[in-house]
Amino acid sequence: MTLSHGPDDPSQALPDPATVDPAVLTTLLARHGWVRRGGPAARYGRWTPPDDEPGTSLLVPAGDGFDDAVDLLTDAVTALSRSRTPSARSILLALAVPGDELRWRRERPGPADATPWDDAERLQRAARAMLAAGAKAGRTTAAYFGARLDGLAGDFLDRVLVVEQGVVDQGAALTAYTPAPEGRAAVATLVRALEALREAVDYRRVSGGPEAFENAVRSGVSRELVQSVEDLVRGATAARLTVAWSPAAGIPGGFGDRRIDLDFSPGDLPALAEAAELLERIEPAVDVTVVGVVVRLKRADPSGPGSIRLRVLGGAEVRELKLRLPDPDYRIAAEAHLSGVPVRVSGRLERRDGFRRLTRPHGLELCGWDEGDREQLLKGLQDGGDQT
(Lines give C-alpha, C1' and ligand atoms only; values in the text may rest on other atoms or scores of the structure.)
Protein backbone atom coordinates (compact mmCIF):
# COMPACT_ATOMS: atom_id res chain seq x y z
CA MET A 1 0.00 0.00 0.00
CA THR A 2 1.99 2.93 -1.29
CA LEU A 3 1.52 6.22 0.52
CA SER A 4 2.33 9.04 -1.88
CA HIS A 5 3.42 12.43 -0.65
CA GLY A 6 6.67 13.51 -2.24
CA PRO A 7 8.16 15.01 -5.41
CA ASP A 8 9.07 11.61 -6.85
CA ASP A 9 5.92 9.69 -5.95
CA PRO A 10 3.55 8.19 -8.56
CA SER A 11 0.90 10.81 -7.93
CA GLN A 12 3.12 13.42 -9.59
CA ALA A 13 3.35 11.53 -12.91
CA LEU A 14 1.23 13.05 -15.67
CA PRO A 15 -0.82 10.70 -17.82
CA ASP A 16 0.18 10.27 -21.45
CA PRO A 17 -2.42 12.33 -23.38
CA ALA A 18 -2.32 9.80 -26.21
CA THR A 19 -3.66 7.13 -23.83
CA VAL A 20 -6.36 9.28 -22.21
CA ASP A 21 -9.90 8.24 -23.10
CA PRO A 22 -11.98 11.43 -23.53
CA ALA A 23 -15.04 9.64 -22.10
CA VAL A 24 -13.11 8.76 -18.95
CA LEU A 25 -11.83 12.33 -18.61
CA THR A 26 -15.31 13.84 -18.94
CA THR A 27 -16.68 11.34 -16.41
CA LEU A 28 -14.00 12.34 -13.92
CA LEU A 29 -14.57 16.05 -14.53
CA ALA A 30 -18.30 15.65 -13.91
CA ARG A 31 -17.66 13.51 -10.83
CA HIS A 32 -15.53 16.28 -9.30
CA GLY A 33 -18.05 19.04 -10.00
CA TRP A 34 -16.58 20.56 -13.15
CA VAL A 35 -19.17 22.22 -15.38
CA ARG A 36 -19.58 21.66 -19.12
CA ARG A 37 -20.25 24.90 -20.99
CA GLY A 38 -21.24 25.27 -24.63
CA GLY A 39 -19.32 23.92 -27.60
CA PRO A 40 -20.70 21.65 -30.30
CA ALA A 41 -21.73 18.50 -28.43
CA ALA A 42 -20.73 16.31 -31.35
CA ARG A 43 -17.09 17.45 -31.34
CA TYR A 44 -16.00 18.79 -27.95
CA GLY A 45 -17.05 20.21 -24.61
CA ARG A 46 -15.56 23.10 -22.66
CA TRP A 47 -15.20 22.40 -18.94
CA THR A 48 -14.57 24.87 -16.11
CA PRO A 49 -13.75 24.08 -12.46
CA PRO A 50 -16.40 24.26 -9.73
CA ASP A 51 -14.60 27.14 -8.03
CA ASP A 52 -14.49 29.16 -11.29
CA GLU A 53 -10.71 29.50 -11.07
CA PRO A 54 -9.86 32.36 -13.46
CA GLY A 55 -8.17 31.31 -16.67
CA THR A 56 -8.82 27.58 -16.24
CA SER A 57 -10.81 25.99 -19.03
CA LEU A 58 -10.48 22.57 -20.67
CA LEU A 59 -11.53 21.76 -24.22
CA VAL A 60 -12.21 18.01 -24.28
CA PRO A 61 -12.99 16.17 -27.54
CA ALA A 62 -16.10 14.00 -27.67
CA GLY A 63 -14.00 11.06 -28.85
CA ASP A 64 -10.50 10.08 -29.90
CA GLY A 65 -11.34 9.86 -33.60
CA PHE A 66 -10.83 13.54 -34.36
CA ASP A 67 -7.56 14.78 -35.89
CA ASP A 68 -6.96 17.27 -33.09
CA ALA A 69 -8.00 14.92 -30.24
CA VAL A 70 -4.47 14.28 -28.92
CA ASP A 71 -3.59 17.99 -29.13
CA LEU A 72 -6.72 18.93 -27.18
CA LEU A 73 -6.06 16.24 -24.57
CA THR A 74 -2.46 17.42 -24.23
CA ASP A 75 -3.68 20.94 -23.56
CA ALA A 76 -6.26 19.61 -21.06
CA VAL A 77 -3.69 17.57 -19.13
CA THR A 78 -1.29 20.54 -19.05
CA ALA A 79 -4.04 22.86 -17.81
CA LEU A 80 -4.98 20.39 -15.06
CA SER A 81 -1.33 20.11 -13.96
CA ARG A 82 -1.12 23.90 -13.60
CA SER A 83 -4.51 24.38 -11.97
CA ARG A 84 -4.77 25.26 -8.30
CA THR A 85 -8.25 23.72 -8.10
CA PRO A 86 -7.99 20.90 -5.51
CA SER A 87 -9.81 18.37 -7.69
CA ALA A 88 -7.37 18.82 -10.60
CA ARG A 89 -4.74 16.67 -8.92
CA SER A 90 -7.27 13.94 -8.16
CA ILE A 91 -8.39 13.88 -11.80
CA LEU A 92 -4.82 13.64 -13.06
CA LEU A 93 -4.05 10.84 -10.61
CA ALA A 94 -7.15 8.90 -11.65
CA LEU A 95 -6.03 9.20 -15.28
CA ALA A 96 -2.42 8.23 -14.55
CA VAL A 97 -3.30 5.35 -12.19
CA PRO A 98 -6.60 3.94 -13.47
CA GLY A 99 -8.65 2.20 -10.80
CA ASP A 100 -11.53 2.44 -8.38
CA GLU A 101 -11.34 5.45 -6.08
CA LEU A 102 -12.02 5.10 -2.35
CA ARG A 103 -12.14 8.17 -0.15
CA TRP A 104 -12.11 8.06 3.65
CA ARG A 105 -12.82 11.04 5.87
CA ARG A 106 -12.78 11.40 9.66
CA GLU A 107 -14.48 14.30 11.39
CA ARG A 108 -13.25 15.03 14.86
CA PRO A 109 -14.13 17.41 17.67
CA GLY A 110 -12.00 20.35 18.68
CA PRO A 111 -9.80 22.70 16.67
CA ALA A 112 -8.38 21.39 13.41
CA ASP A 113 -4.79 21.61 14.68
CA ALA A 114 -5.32 19.61 17.89
CA THR A 115 -3.75 16.25 16.94
CA PRO A 116 -3.50 16.18 13.14
CA TRP A 117 -0.78 13.53 12.88
CA ASP A 118 -2.52 11.10 15.23
CA ASP A 119 -5.65 11.50 13.15
CA ALA A 120 -3.82 10.90 9.88
CA GLU A 121 -2.05 7.80 11.23
CA ARG A 122 -5.29 6.35 12.58
CA LEU A 123 -7.00 6.97 9.26
CA GLN A 124 -4.20 5.29 7.31
CA ARG A 125 -4.18 2.29 9.66
CA ALA A 126 -7.96 1.88 9.45
CA ALA A 127 -7.98 2.19 5.66
CA ARG A 128 -5.22 -0.39 5.29
CA ALA A 129 -7.01 -2.86 7.58
CA MET A 130 -10.30 -2.29 5.76
CA LEU A 131 -8.77 -2.96 2.35
CA ALA A 132 -7.02 -6.08 3.66
CA ALA A 133 -10.31 -7.37 5.07
CA GLY A 134 -11.98 -6.77 1.71
CA ALA A 135 -9.21 -8.62 -0.12
CA LYS A 136 -9.53 -11.64 2.16
CA ALA A 137 -13.33 -11.72 1.96
CA GLY A 138 -13.06 -11.42 -1.82
CA ARG A 139 -11.36 -14.83 -1.79
CA THR A 140 -13.54 -16.54 0.84
CA THR A 141 -15.79 -15.57 3.74
CA ALA A 142 -14.90 -16.12 7.39
CA ALA A 143 -16.07 -14.65 10.68
CA TYR A 144 -12.42 -14.31 11.74
CA PHE A 145 -9.39 -14.66 9.48
CA GLY A 146 -6.51 -14.05 11.85
CA ALA A 147 -3.26 -14.59 9.95
CA ARG A 148 -4.98 -16.57 7.22
CA LEU A 149 -4.65 -15.05 3.74
CA ASP A 150 -2.19 -12.41 4.97
CA GLY A 151 -0.10 -13.05 1.85
CA LEU A 152 -3.06 -12.44 -0.44
CA ALA A 153 -4.00 -9.25 1.39
CA GLY A 154 -0.40 -8.04 1.32
CA ASP A 155 -0.13 -8.59 -2.43
CA PHE A 156 -3.32 -6.58 -2.94
CA LEU A 157 -2.16 -3.71 -0.71
CA ASP A 158 1.11 -3.54 -2.63
CA ARG A 159 -0.92 -2.64 -5.75
CA VAL A 160 -2.95 0.09 -4.04
CA LEU A 161 -1.86 3.72 -4.33
CA VAL A 162 -2.86 5.84 -1.34
CA VAL A 163 -2.71 9.63 -1.33
CA GLU A 164 -2.77 11.13 2.15
CA GLN A 165 -4.58 14.46 2.11
CA GLY A 166 -3.83 15.17 5.76
CA VAL A 167 -5.93 17.59 7.79
CA VAL A 168 -9.02 18.80 5.94
CA ASP A 169 -11.19 21.35 7.71
CA GLN A 170 -12.16 19.60 10.96
CA GLY A 171 -10.74 16.14 10.18
CA ALA A 172 -8.45 14.02 8.04
CA ALA A 173 -8.89 12.58 4.56
CA LEU A 174 -7.32 9.77 2.55
CA THR A 175 -7.84 8.58 -1.03
CA ALA A 176 -6.92 5.14 -2.38
CA TYR A 177 -6.78 3.99 -5.98
CA THR A 178 -7.23 0.23 -6.28
CA PRO A 179 -6.44 -1.66 -9.50
CA ALA A 180 -9.45 -2.25 -11.74
CA PRO A 181 -10.69 -4.57 -13.00
CA GLU A 182 -8.11 -6.98 -11.50
CA GLY A 183 -8.67 -5.73 -7.95
CA ARG A 184 -12.40 -5.28 -8.34
CA ALA A 185 -13.39 -8.38 -6.34
CA ALA A 186 -11.79 -6.98 -3.19
CA VAL A 187 -13.44 -3.56 -3.48
CA ALA A 188 -16.88 -4.85 -4.50
CA THR A 189 -16.80 -7.32 -1.61
CA LEU A 190 -15.69 -4.56 0.76
CA VAL A 191 -18.62 -2.34 -0.26
CA ARG A 192 -21.16 -5.15 0.14
CA ALA A 193 -19.66 -6.11 3.49
CA LEU A 194 -19.75 -2.55 4.84
CA GLU A 195 -23.35 -2.16 3.70
CA ALA A 196 -24.22 -5.41 5.49
CA LEU A 197 -22.33 -4.25 8.59
CA ARG A 198 -24.17 -0.93 8.55
CA GLU A 199 -27.51 -2.78 8.44
CA ALA A 200 -26.44 -5.20 11.18
CA VAL A 201 -25.33 -2.37 13.49
CA ASP A 202 -28.64 -0.56 12.93
CA TYR A 203 -30.55 -3.78 13.61
CA ARG A 204 -28.59 -4.37 16.82
CA ARG A 205 -29.18 -0.84 18.07
CA VAL A 206 -32.91 -1.05 17.42
CA SER A 207 -33.80 -4.66 18.23
CA GLY A 208 -31.20 -5.65 20.79
CA GLY A 209 -30.33 -8.86 18.91
CA PRO A 210 -26.77 -9.70 17.73
CA GLU A 211 -27.77 -12.41 15.23
CA ALA A 212 -27.52 -10.03 12.26
CA PHE A 213 -23.73 -9.95 12.65
CA GLU A 214 -23.46 -13.70 12.19
CA ASN A 215 -25.72 -13.52 9.13
CA ALA A 216 -23.60 -10.69 7.66
CA VAL A 217 -20.56 -12.98 7.40
CA ARG A 218 -22.04 -14.31 4.14
CA SER A 219 -21.70 -10.77 2.72
CA GLY A 220 -18.02 -10.52 3.70
CA VAL A 221 -18.22 -9.12 7.23
CA SER A 222 -15.39 -10.34 9.46
CA ARG A 223 -13.86 -9.48 12.80
CA GLU A 224 -11.05 -7.73 10.93
CA LEU A 225 -13.49 -5.53 9.02
CA VAL A 226 -15.40 -4.67 12.19
CA GLN A 227 -12.20 -3.68 13.97
CA SER A 228 -11.11 -1.49 11.05
CA VAL A 229 -14.40 0.42 11.34
CA GLU A 230 -13.93 0.70 15.10
CA ASP A 231 -10.49 2.22 14.52
CA LEU A 232 -11.91 4.57 11.91
CA VAL A 233 -14.58 6.08 14.16
CA ARG A 234 -12.91 5.98 17.56
CA GLY A 235 -12.10 9.52 18.66
CA ALA A 236 -14.09 11.01 15.75
CA THR A 237 -17.50 12.60 15.54
CA ALA A 238 -18.23 10.86 12.22
CA ALA A 239 -16.49 8.85 9.52
CA ARG A 240 -17.36 8.20 5.89
CA LEU A 241 -16.12 6.05 3.02
CA THR A 242 -17.10 7.10 -0.50
CA VAL A 243 -16.46 4.79 -3.46
CA ALA A 244 -16.36 5.85 -7.12
CA TRP A 245 -15.90 3.11 -9.70
CA SER A 246 -13.25 3.36 -12.39
CA PRO A 247 -14.79 4.95 -15.50
CA ALA A 248 -12.53 2.83 -17.68
CA ALA A 249 -13.50 -0.48 -16.03
CA GLY A 250 -17.17 0.43 -15.63
CA ILE A 251 -19.56 -0.28 -12.77
CA PRO A 252 -19.51 -3.84 -11.40
CA GLY A 253 -22.67 -5.89 -11.61
CA GLY A 254 -25.29 -5.35 -8.96
CA PHE A 255 -24.37 -1.77 -8.07
CA GLY A 256 -26.16 0.25 -10.75
CA ASP A 257 -25.64 4.01 -10.79
CA ARG A 258 -26.24 4.56 -7.08
CA ARG A 259 -23.85 6.72 -5.11
CA ILE A 260 -21.87 4.80 -2.51
CA ASP A 261 -21.47 6.66 0.80
CA LEU A 262 -20.94 4.56 3.92
CA ASP A 263 -21.22 6.37 7.25
CA PHE A 264 -20.32 5.25 10.78
CA SER A 265 -20.17 7.15 14.06
CA PRO A 266 -18.99 6.70 17.69
CA GLY A 267 -22.56 5.72 18.55
CA ASP A 268 -21.89 2.48 16.66
CA LEU A 269 -18.92 1.52 18.86
CA PRO A 270 -20.78 -0.63 21.47
CA ALA A 271 -22.40 -2.70 18.72
CA LEU A 272 -19.11 -2.98 16.81
CA ALA A 273 -17.24 -4.18 19.91
CA GLU A 274 -19.89 -6.81 20.51
CA ALA A 275 -19.71 -7.88 16.86
CA ALA A 276 -15.92 -8.27 16.96
CA GLU A 277 -16.10 -10.50 20.05
CA LEU A 278 -18.93 -12.60 18.59
CA LEU A 279 -17.27 -13.12 15.21
CA GLU A 280 -14.01 -14.31 16.76
CA ARG A 281 -15.86 -16.67 19.08
CA ILE A 282 -17.93 -18.39 16.38
CA GLU A 283 -15.06 -19.09 13.97
CA PRO A 284 -14.23 -22.81 14.34
CA ALA A 285 -10.85 -24.48 14.54
CA VAL A 286 -9.77 -26.29 11.36
CA ASP A 287 -8.24 -29.74 10.90
CA VAL A 288 -5.28 -29.39 8.52
CA THR A 289 -2.30 -31.28 7.20
CA VAL A 290 0.47 -28.85 6.34
CA VAL A 291 3.82 -29.07 4.61
CA GLY A 292 6.43 -26.63 5.77
CA VAL A 293 10.08 -25.89 6.44
CA VAL A 294 11.37 -25.73 10.00
CA VAL A 295 12.79 -22.25 10.50
CA ARG A 296 13.15 -22.18 14.29
CA LEU A 297 13.58 -24.68 17.13
CA LYS A 298 13.59 -24.09 20.88
CA ARG A 299 13.52 -26.28 23.98
CA ALA A 300 14.87 -25.99 27.51
CA ASP A 301 15.49 -29.69 28.23
CA PRO A 302 17.68 -31.61 25.72
CA SER A 303 15.49 -34.69 26.18
CA GLY A 304 12.13 -33.01 26.68
CA PRO A 305 9.47 -31.44 24.44
CA GLY A 306 10.20 -28.35 22.39
CA SER A 307 8.63 -25.69 20.20
CA ILE A 308 9.21 -25.20 16.49
CA ARG A 309 8.12 -22.75 13.86
CA LEU A 310 7.21 -23.78 10.34
CA ARG A 311 7.29 -21.69 7.20
CA VAL A 312 4.16 -23.09 5.53
CA LEU A 313 4.41 -24.25 1.93
CA GLY A 314 0.94 -25.76 1.64
CA GLY A 315 -2.10 -27.05 3.49
CA ALA A 316 -3.05 -23.83 5.29
CA GLU A 317 -3.40 -20.21 4.17
CA VAL A 318 -0.94 -18.83 6.71
CA ARG A 319 2.72 -17.96 6.33
CA GLU A 320 3.99 -19.47 9.56
CA LEU A 321 2.79 -21.84 12.26
CA LYS A 322 3.95 -22.49 15.81
CA LEU A 323 3.64 -25.95 17.34
CA ARG A 324 4.90 -27.81 20.39
CA LEU A 325 6.26 -31.32 19.89
CA PRO A 326 7.23 -34.21 22.16
CA ASP A 327 10.87 -35.31 22.15
CA PRO A 328 10.69 -37.91 19.30
CA ASP A 329 8.93 -35.51 16.93
CA TYR A 330 11.17 -32.64 17.98
CA ARG A 331 14.19 -34.72 16.94
CA ILE A 332 12.63 -35.34 13.53
CA ALA A 333 12.02 -31.60 13.17
CA ALA A 334 15.64 -30.89 14.13
CA GLU A 335 16.81 -33.40 11.53
CA ALA A 336 14.64 -31.72 8.90
CA HIS A 337 16.05 -28.33 9.84
CA LEU A 338 19.65 -29.54 9.58
CA SER A 339 19.12 -31.37 6.29
CA GLY A 340 17.00 -28.61 4.76
CA VAL A 341 13.98 -30.75 3.86
CA PRO A 342 10.29 -30.02 4.56
CA VAL A 343 8.08 -31.88 7.01
CA ARG A 344 4.45 -32.88 6.88
CA VAL A 345 2.32 -32.72 10.02
CA SER A 346 -1.39 -32.79 10.89
CA GLY A 347 -3.23 -30.96 13.66
CA ARG A 348 -5.83 -28.37 14.61
CA LEU A 349 -5.44 -24.82 13.38
CA GLU A 350 -6.81 -22.85 16.33
CA ARG A 351 -8.29 -19.36 16.25
CA ARG A 352 -6.32 -18.56 19.40
CA ASP A 353 -3.24 -16.54 18.43
CA GLY A 354 -4.82 -15.68 15.09
CA PHE A 355 -4.64 -19.17 13.51
CA ARG A 356 -0.87 -19.12 13.86
CA ARG A 357 -0.73 -22.15 16.19
CA LEU A 358 -1.17 -25.83 15.38
CA THR A 359 -2.42 -27.87 18.33
CA ARG A 360 -2.63 -31.66 18.75
CA PRO A 361 0.15 -32.21 16.19
CA HIS A 362 0.56 -35.78 14.97
CA GLY A 363 1.98 -37.76 12.08
CA LEU A 364 5.11 -35.61 11.73
CA GLU A 365 7.33 -36.95 8.94
CA LEU A 366 10.02 -35.84 6.55
CA CYS A 367 8.97 -35.25 2.96
CA GLY A 368 10.65 -34.22 -0.29
CA TRP A 369 10.56 -30.97 -2.15
CA ASP A 370 7.70 -30.46 -4.61
CA GLU A 371 8.30 -28.51 -7.78
CA GLY A 372 8.21 -24.78 -7.02
CA ASP A 373 8.42 -25.19 -3.23
CA ARG A 374 11.96 -23.80 -3.02
CA GLU A 375 11.03 -20.70 -5.02
CA GLN A 376 7.94 -20.20 -2.83
CA LEU A 377 10.03 -20.48 0.32
CA LEU A 378 12.63 -18.00 -0.92
CA LYS A 379 9.93 -15.52 -1.92
CA GLY A 380 8.24 -15.87 1.47
CA LEU A 381 11.50 -15.31 3.33
CA GLN A 382 12.25 -12.21 1.24
CA ASP A 383 8.74 -10.74 1.56
CA GLY A 384 7.69 -11.56 5.08
CA GLY A 385 10.62 -12.31 7.32
CA ASP A 386 9.99 -14.20 10.56
CA GLN A 387 6.83 -13.39 12.42
CA THR A 388 7.05 -12.90 16.13
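Residues numbered from 1 in each chain as written. Predicted model: local features only at pLDDT ≥ 70, side-chain atom pairs only at ≥ 80, totals over all residues. Heavy atoms only, no water.

*Asks:* A description of unusual backbone geometry should follow, citing residues and the corresponding values.
*Replies:* Residue Ala180 is joined to Pro181 through a cis peptide bond whose omega torsion reads 5 degrees. With respect to the element layout, Pro181 can be found in the loop between β7 (171–179) and α6 (184–207). Backbone geometry places Leu149, a non-glycine residue, at a positive phi of 65 degrees. Mapped onto the elements, Leu149 comes out in the loop between α4 (116–139) and α5 (150–158). One non-glycine residue, Asp353, lies in the positive phi region at around 70 degrees. Within the secondary structure layout, Asp353 lies in the loop between β13 (343–350) and β14 (357–366). What makes Asp353 partly exposed here is its relative accessible area of 32%. (Helix = DSSP H or I, 4+ residues; strand = E, 2+ residues; numbered from the N terminus. Buried < 20%, exposed > 50% of the residue type's maximum accessible area, 1.4 Å probe, protein only.)

*Asks:* So what's going on with the environment of Arg198? Residues and values would help.
*Replies:* With respect to the helices, strands and loops of the structure, Arg198 is situated in helix α6. Take Arg198: its relative accessible area is 18%, and that puts it in the buried class. Put simply, Arg198 and Ala216 are 18 residues apart on the chain and 9.8 Å apart in space, counted from C-alpha to C-alpha. With near-sequence residues (within four places) excluded, Arg198 lies in contact with Asp263, Phe264 and Asp268. (Contact = heavy atoms within 4.5 Å.)

*Asks:* Now, about helix α8 (residues 223–233): what can you tell me, with residues and values included?
*Replies:* Of all eleven residues in α8, ten are buried; the element is thus mostly enclosed. Taken residue by residue, α8 has Arg223, Glu224, Leu225, Val226, Ser228, Val229, Glu230, Asp231, Leu232 and Val233 as its buried positions. Trailing α8 by a residue or two, Gly235 shows a phi angle of about 80 degrees, which is positive.

*Asks:* Describe the sheet that holds strand β4 (residues 58–61), with residues and values.
*Replies:* What the three strands build is an open sheet, ordered β2-β3-β4; its pairing is antiparallel. Each edge of the open sheet is held by one strand with a lone partner, namely β2 (35–37) and β4. Pairs of neighbouring strands in the sheet enclose a mean axial angle of 40 degrees, with direction left out of account. Looking at chain direction, strand β3 (residues 44–48) and β4 are connected through four bridges and run antiparallel. Note on β4: the bridge partner recorded for Tyr44 is Pro61. Against the sheet, helix α1 (residues 22–31) engages β3 and β4, with an angle of about 135 degrees to β4. (Pairing = 2+ DSSP bridges. Axes fitted to C-alpha atoms, helices over the stretch in contact; angles between N-to-C directions.)

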